[in-house]
Amino acid sequence: MDDQSKCLPGPLPGQPVLLETLLRVENVGKEFPMNDGANFAALRDFSLTIRNIENKPQIVSLLGPSGAGKTTALRIIAALERPTSGHVQITNGAEEKLRPVRVGDVGVVFQRYPLFEDLKVVDNLIKPAVSSGIPAKEAKEKALCFLDEFDLVRQGLAWPLQLSGGQRQRVAILQQLMQNRHFVILDEPFSGLDPVNIINVINLINRIAHQHTLNTFIIITHDVTSALAISDHIYLLGRERNEKGEPIAGSRVMKEYDLIAEGLAYRPDIEDLPRFAELRKEIRLTEFPRL
Amino acid sequence: MAIENAANKSTLNNAKDSLGETVRVYGSLGAFARSNLVIVWIGLLLLVWFFNPIKALPFPGEVLQAFRRMWSADGSQGLLYNVYVTLKLNIVGLGYAAIISLAIAYLSVIPLFQPVNKMVQWLRYIPIVGFNLVFLTLFTIGWPMKVAMLTTGMSFFLVTSMTGVIASIPRMKYELAKVLGYKDWRFFYSVVVRPTLPLMIDMIAQNAAIGWVMITAIETYNRTEGGIGSQIYAYSSTNNLAEVYAYLLIIGVIAVLEDWGFTLIKRLMFPYSLIAERG
């Protein structure tokens, strides 16, 4: 790893230096046909921009209540679904221009962490990497390194069905990172976890993200506390309301929270800070009910 | 090496855990208790049989005597000969049907072949003996015709079950492979073929039972070579029910052995599938 790709631990010493744009979602709309012939708008004018932060990875949360179109947004960013309007552009660093996103540019850690159940854990890491063009020797070395680093050595030759939930989650994330790419979306990674395990997952994502400054993790969640604890930016996804207070079809980014500017990003003691409690209260009690 | 050793140990421990902690809805049984229960139930069945409340059922002693008679009979009347003929037909027919059905089922992911798959599925409603004349025209009477009839008849059912297995692959699995960069044949093999193979063995095992029902019908229509079906037909016509039940018992034993064989194949080739079954 070259020096430029290394991340600094802990909070940034001064103001963050924002470099090139890594991901741009512009005016994305998505409509689904309904049984009655009408269209259902899941997203409308959905836009967000993620820029490379010098010496830090990018950890962004898409926060919203159930039904806010988070999963649709995930699928469009990962190019698993085509938007009805708008576009998503991506780049792998300063050397490359922004270009339309393709399937495989963005890794996805799906809910319930699907793996290839017919492959042992180590093969779940090696085989997809090899099929994506990484030399077998390099893939094997990287896989063994990951297993060692993320406390999965003893599970290397186990079948995925023999893993605990936490182990499975780690393997699913590492499987995506084996591909020499920097973009990973995690779909509800805190869902169904107890508080201790939520802290473990936050630490894990932070640790993995901090392996490279270009690493960009987009977390899809409705868990306000965890989103605040892990992110540098939070985008609130939801629906606008008309004068009568009725929601307008199609979700979009309603509010952006820059946690670096708030002095909350990269702080292990974030939950002890008064601003953290204030923001959490604001999002939970004021913003969420409006979405 | 250290990683591999540690992983081996861990796999073993986890496998033991998954065996020990198997949870079934109404409780779980250890191997010892399970085998004892099987003995108890067989004992109860034999007891009922000895008292024989159903008059049409021959007594165990009569069936035993029928076994002796058939064992000592020569040539096409002999027990071993007829079991051999039918078993061979069963294995060959099942083998052909499995290969053809796997091909038709897996090709159903390609839109061009989907109508063929659907048509084969519809044909399962039509009794195979209805095609007797067609088979007679296409194949020589005897072995080739029996194999063709059994293969075709079983394929109708196998294609239906195997296509169901493919249809139940979760969308998430396809998408996982897509985001991991799988393409073309690798995508097809890794998502559609490889993970479904143990389930396909289950489907073959289930349909092997249907095969036995068909075999007896097919051998009744093609009696030239003998076989269990033709013998059951012959003994039924002459009201020798002891011989009929002797053959039915043999089919039962073969069925148990076949089931055991399929489980063994799964254990050897796809060990993870058994972990899934044990919960």
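Residues numbered from 1 in each chain as written. Chains lettered and ligands numbered in written order. Predicted model: local features only at pLDDT ≥ 70, side-chain atom pairs only at ≥ 80, totals over all residues. Heavy atoms only, no water.

Caption draft 1: Representation of the pairing of strand β2 (residues 39-53) of chain A. Residue and element names in this part refer to chain A. Bridge analysis of strand β1 (residues 18-33) against β2 gives 10 bridges, and the strand direction is antiparallel. Bridge pairing in β2 links Lys30 to Leu43. A loop of five residues connects β1 with β2, the two strands running antiparallel in sequence, and Gly37 in this loop sits at a positive phi of about 95 degrees. (Pairing = 2+ DSSP bridges. Helix = DSSP H or I, 4+ residues; strand = E, 2+ residues; numbered from the N terminus.)

Caption draft 2: Examining the pattern of salt bridges more closely. All names here are of chain A. Per the stated rule, a full pass over the model turns up 19 salt bridges over all chains. Residues Glu141 and Lys137 are paired through a salt bridge, measuring 3.9 Å at the closest nitrogen-oxygen approach. In this pair, Glu141 and Lys137 are both assigned in helix α3 (residues 136-149), four residues apart and thus about one turn of the helix distant. Classification of Lys137 by relative accessible area gives exposed; the value is 64%. (Salt bridge = Lys/Arg side-chain N within 4 Å of Asp/Glu carboxyl O. Buried < 20%, exposed > 50% of the residue type's maximum accessible area, 1.4 Å probe, protein only.)

Caption draft 3: Region of interest: unusual backbone geometry. Residue and element names in this part refer to chain A. One non-glycine residue, Arg112, adopts positive backbone phi at about 65 degrees. By the element assignment, Arg112 lies in the loop between β6 (106-109) and α2 (121-131). A positive phi angle is found at Asp151, which is not glycine, with a value near 55 degrees. Tracing the chain through its elements places Asp151 in the loop between α3 and α4 (165-177).

Caption draft 4: Representation of the interface of chain A and chain B in the model. Every contact between the two is made by 33 residues of chain A and, on the other side, 29 residues of chain B. Summed over both partners, the interface of chain A with chain B buries about 2,900 Å², with 63% contributed by carbon and sulfur atoms. Contact with chain B buries surface across chain A, with Phe116, Asp118 and Gln162 of chain A losing the most and accounting together for 21% of the total. Connecting chain A to chain B are three salt bridges. Glu117 of chain A is the partner of Lys173 of chain B in a salt bridge, and the nearest nitrogen-oxygen pair spans 3.6 Å. (Contact = heavy atoms within 4.5 Å. Buried area = accessible area lost by both parts, 1.4 Å probe.)

Caption draft 5: Highlighting the sheet that holds strand β4 (residues 85-90) of chain A. Residue and element names in this part refer to chain A. The four strands are arranged β2-β1-β4-β5 in an open sheet whose pairing can be described as antiparallel. Each of the sheet's edge strands pairs with one partner strand only, and the pair in question is β2 and β5 (99-100). Pairing analysis gives five bridges linking β1 to β4, with the strands arranged antiparallel. The residue of β4 that forms the bridge with Val25 is Val88.

Caption draft 6: Molecular detail of α3 of chain A. Residues and elements named next belong to chain A. For α3, spanning 14 residues, the distance from its first C-alpha to its last is 20 Å, which sits close to the expected 20 Å at 1.5 Å a residue. Of the residues making up α3, those classed as buried are Ala139, Ala143, Phe146 and Leu147. Projection of α3 onto a plane perpendicular to its axis shows the buried side chains occupying an angular sector of 100 degrees, all on one side. Within α3, the exposed residues directed more than 90 degrees away from the buried face are Lys137, Glu141 and Asp148. Looking at the buried residues of α3, the elements they touch are α2 and α4. Within two residues after α3, Asp151 carries a phi angle of roughly 55 degrees, on the positive side. (Expected span 1.5 Å × (residues − 1). Arc of directions from axis to C-beta.)

Caption draft 7: Region of interest: the side chain of Lys146 of chain B. In this structure, Lys146 of chain B sits in helix α7 (residues 143-167). For Lys146 of chain B, the residues in contact, after removing those within four places along its chain, are Val85, Leu89, Ile218, Glu219, Asn222, Glu225 and Gly226 of chain B.

Caption draft 8: Seen up close, the packing of α7 of chain B against helix α10 (residues 197-221) of chain B. All names here are of chain B. In the contact formed by α7 and α10, the axes pass within 9 Å of each other and the chain directions differ by 150 degrees. Comparing the axis directions of α7 and α10 gives the class roughly antiparallel. Considering how the two elements wind past one another, α7 and α10 form a crossing that is right-handed. Here Lys146, Met149, Leu150, Gly153, Met154, Phe157, Leu158, Ser161, Met162, Val165 and Ile166 of α7 lie close against α10, whose contacting residues are Leu199, Met200, Met203, Ile204, Asn207, Ala208, Ile210, Gly211, Met214, Ile215, Ile218 and Glu219. Residue classes in the contact of α7 with α10 are distributed as 17 nonpolar, four polar and two charged. (Axes fitted to C-alpha atoms, helices over the stretch in contact; angles between N-to-C directions. Parallel < 35°, antiparallel > 145°, perpendicular 65-115°, else oblique. Left-handed = near helix turned anticlockwise from the far one by under 90°. Nonpolar A, V, L, I, M, F, W, Y, C, P; charged D, E, K, R; others polar.)

Caption draft 9: Structural view of a nonpolar patch on the surface. On the surface, Leu37, Val38, Val40, Trp41, Ile42, Leu44, Leu46, Leu47, Phe50 and Phe51 of chain B cluster together to form a nonpolar patch covering roughly 1,000 Å² of accessible area. In this structure, Val38 of chain B sits in helix α2 (residues 31-51). (Patch = residues over 30% accessible without salt bridge, like charges linked within 9 Å, V, L, I, M, F, W, Y side chains within 5 Å. Areas by Shrake-Rupley, 256 points an atom, 1.4 Å probe, with all protein chains shown as cover.)

Caption draft 10: Spotlight on the environment of Leu23 of chain A. All names here are of chain A. Looking at the element boundaries, Leu23 is found in strand β1. On the basis of relative accessible area, Leu23 is assigned to the buried category, the value being 0%. C-alpha of Leu23 to C-alpha of Val109: the two residues are 86 residues apart in sequence and 18 Å apart in space. If near-sequence neighbours (up to four positions away) are discounted, Leu23 is found in contact with Leu48, Thr49, Ile50, Ile77, Val88, Gln89, Ile90, Phe183 and Ile218.

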